[in-house]
Amino acid sequence: FLARYELDSVPLSPTLHDDLRGKPEVLRRMQAVWSGLSEQDWRRVTAAHRAVVSFLDSEVGRLLAALRELGLAENTIVVFTSDHGDMLGAHGLVAKGVGTGYEEVYNIPLILRVPGLPGSGDDTTTCTSLVDLGPTLLDLAGLPPLPGAQGRSLRPVLENTANPADWQDAYAEFYGQRFVYTQRLVWHGPWKFVFSPGGIDELYNLRDDPHETRNRADDPACRAVLEAMCARMWRRMRQIGDESLFNTHYATLRTAAVG
C-alpha cells in the first residue's frame, strides 16, 4: 500500500484563520497552542491524516475482498463509521478538542451495505446518529428491538421508504472529557444549536453557513429559532433521561437561552 500527497496541493481549511469572534473562550486557548504553525505545517498535518484514511480504506478493501472469497458477502451486513472527526485546521484547531461543537467533529461517515436492499447512494439529507445503529442492526437481523433504546432503525431510510421530514433531527452530548466543560447539541433541518453552560451558546444555519463562521445566537432576527431549538433540546433531554442539568442545585448550570 502506498498513498502519496503533494503538500502544495493539499487544501487548507477555509476557516483556518478564524478569529473565533462570538465563540467560546476555551477555543481561543486551544487555538493559541497551534498559533505557531505555518500554512505548510497545516498542510502536512492534513496530508498525514489523509494518508491514514487512505490506509484504512485499503484495509477495508481487504476485508470486503475476504468476504467475497469466503462466499459471505451476500450474508453479511457491513457498517463503516467513526466515533468523531478531526478539526484539521478548522477554526485554527487540531483534533476534537474541548467544546468544539462543529461539523468537522460531529459530521462523521456512516456507510452501510445490506444484502438484499437496493441502497440509496450518497445521502446528505438524512439526519441520524450513532444511537440509531443498534436498533438498525437488530431490525435488519430480525431480532427484537432494544428496550428503551434512544435511537431508531434506519431501515426505512435504507429501503428508500422514509419520509425525509421524519429525519431532520439529531442530538448530542459532550461531558467535557476530564474537565468540567459540558455541551448539548441539537440539529433540526438547516439549524444547529450548541448549548455551552460554561461558555457561549452558538446557533448556525448550516445551509447558509456550512463552515459555521457566523454565530446567530445573539441575533434578534433569530430569536424565535433560538427559542425553538432550545425547546427541542430540553424536550430531548427529558425524553432520554439526560437530567444532569435538570437536577443540579448549582443554578448557573440550569441557565440556558430558554430555561
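Everything in this summary refers to the structure shown in the same document.

Reading guide: rules and limits
- Residues numbered from 1 in each chain as written.
- Predicted model: local features only at pLDDT ≥ 70, side-chain atom pairs only at ≥ 80, totals over all residues.
- Heavy atoms only, no water.
- Patch = residues over 30% accessible without salt bridge, like charges linked within 9 Å, V, L, I, M, F, W, Y side chains within 5 Å.
- Areas by Shrake-Rupley, 256 points an atom, 1.4 Å probe, with all protein chains shown as cover.
- Salt bridge = Lys/Arg side-chain N within 4 Å of Asp/Glu carboxyl O.
- Helix = DSSP H or I, 4+ residues; strand = E, 2+ residues; numbered from the N terminus.
- Expected span 1.5 Å × (residues − 1).
- Contact = heavy atoms within 4.5 Å.
- Core = buried A, V, L, I, M, F, W, Y, C linked by side-chain atoms within 4.5 Å.
- Buried < 20%, exposed > 50% of the residue type's maximum accessible area, 1.4 Å probe, protein only.
- Polar contact = N/O pair within 3.5 Å; in protein donor to acceptor, adjacent residues only side chain to side chain.
- 1 Å grid on protein atoms, 1.4 Å probe; cavity = no way out; pocket = protein on both sides within 12 Å on 5 of 7 lines; lining within 4 Å.
- Points joined across faces, edges and corners; volume = space filled by probe spheres on them.
- Nonpolar A, V, L, I, M, F, W, Y, C, P; charged D, E, K, R; others polar.
- Pairing = 2+ DSSP bridges.
- Axes fitted to C-alpha atoms, helices over the stretch in contact; angles between N-to-C directions.

### A few points about a nonpolar patch on the surface
- On the surface, Val-52, Phe-55 and Leu-56 cluster together into a nonpolar patch covering about 260 Å² of accessible area.
- One can find Phe-55 in helix H2 (residues 39-69).

### Quick look at H2
- Spanning 31 residues, H2 covers 45 Å between terminal C-alpha atoms, matching the ideal 45 Å at 1.5 Å per step.
- Buried residues along H2 sit in contact with strand S1 (78-81).
- One or two positions beyond H2, positive phi appears at Gly-71, with a value near 75°.

### Some remarks on the nonpolar core
- Of all hydrophobic cores here, the largest spans 20 residues; its most connected members are Leu-27, Met-87, Val-98 and Trp-187.
- If you list the elements that add at least two residues to this core, you get helix H1 (25-33), strand S3 (169-174) and strand S4 (183-188).
- Sequence-distant contacts of Met-87, defined by excluding residues within four places in its chain, comprise Leu-93, Val-94, Ala-95, Thr-100, Tyr-102, Glu-104 and Val-105.
- Of all hydrophobic cores here, the second largest spans 17 residues; its members include Trp-191, Cys-222, Met-229 and Ile-240.

### Considering the environment of Ser-35
- Here Ser-35 is to be found in the loop between H1 and H2.
- Assessed through its relative accessible area of 57%, Ser-35 is described here as exposed.
- Spatially, the C-alpha atoms of Ser-35 and Gly-92 are 7.6 Å apart, while their sequence positions differ by 57 residues.
- Side-chain polar atoms of Ser-35 contact the backbone oxygen of Ala-32, separated by 2.8 Å.

### Quick look at the layout of surface pockets
- Put simply, the second largest pocket is a space of about 600 Å³.
- Around the second largest pocket sit 23 residues that line it, and Val-53, Phe-80, Thr-81, Ser-82 and Pro-109 are the ones nearest its centre.
- Where the lining of the second largest pocket is concerned, the elements lending two or more residues are H2, S1 and strand S2 (110-113).
- Of the residues forming the lining of the second largest pocket, the biggest block, seven residues, is contributed by H2.
- Of the residues contributing to the lining of the second largest pocket, the split by class is 13 nonpolar, six polar and four charged.

### Looking at the sheet that holds S3
- Strand order in the open sheet formed by four strands is S3-S4-S5-S6, with antiparallel pairing between adjacent strands. What marks the edges here is a single partner per strand, and that holds for S3 and strand S6 (202-205). The sheet shows a mean angle of 10° between the axes of neighbouring strands, taken without regard to direction.
- Pairing between strand S5 (residues 191-195) and S6: four bridges, direction antiparallel. Among the inter-strand pairings, Val-194 is bridged to a residue of S6, identified as Glu-202.

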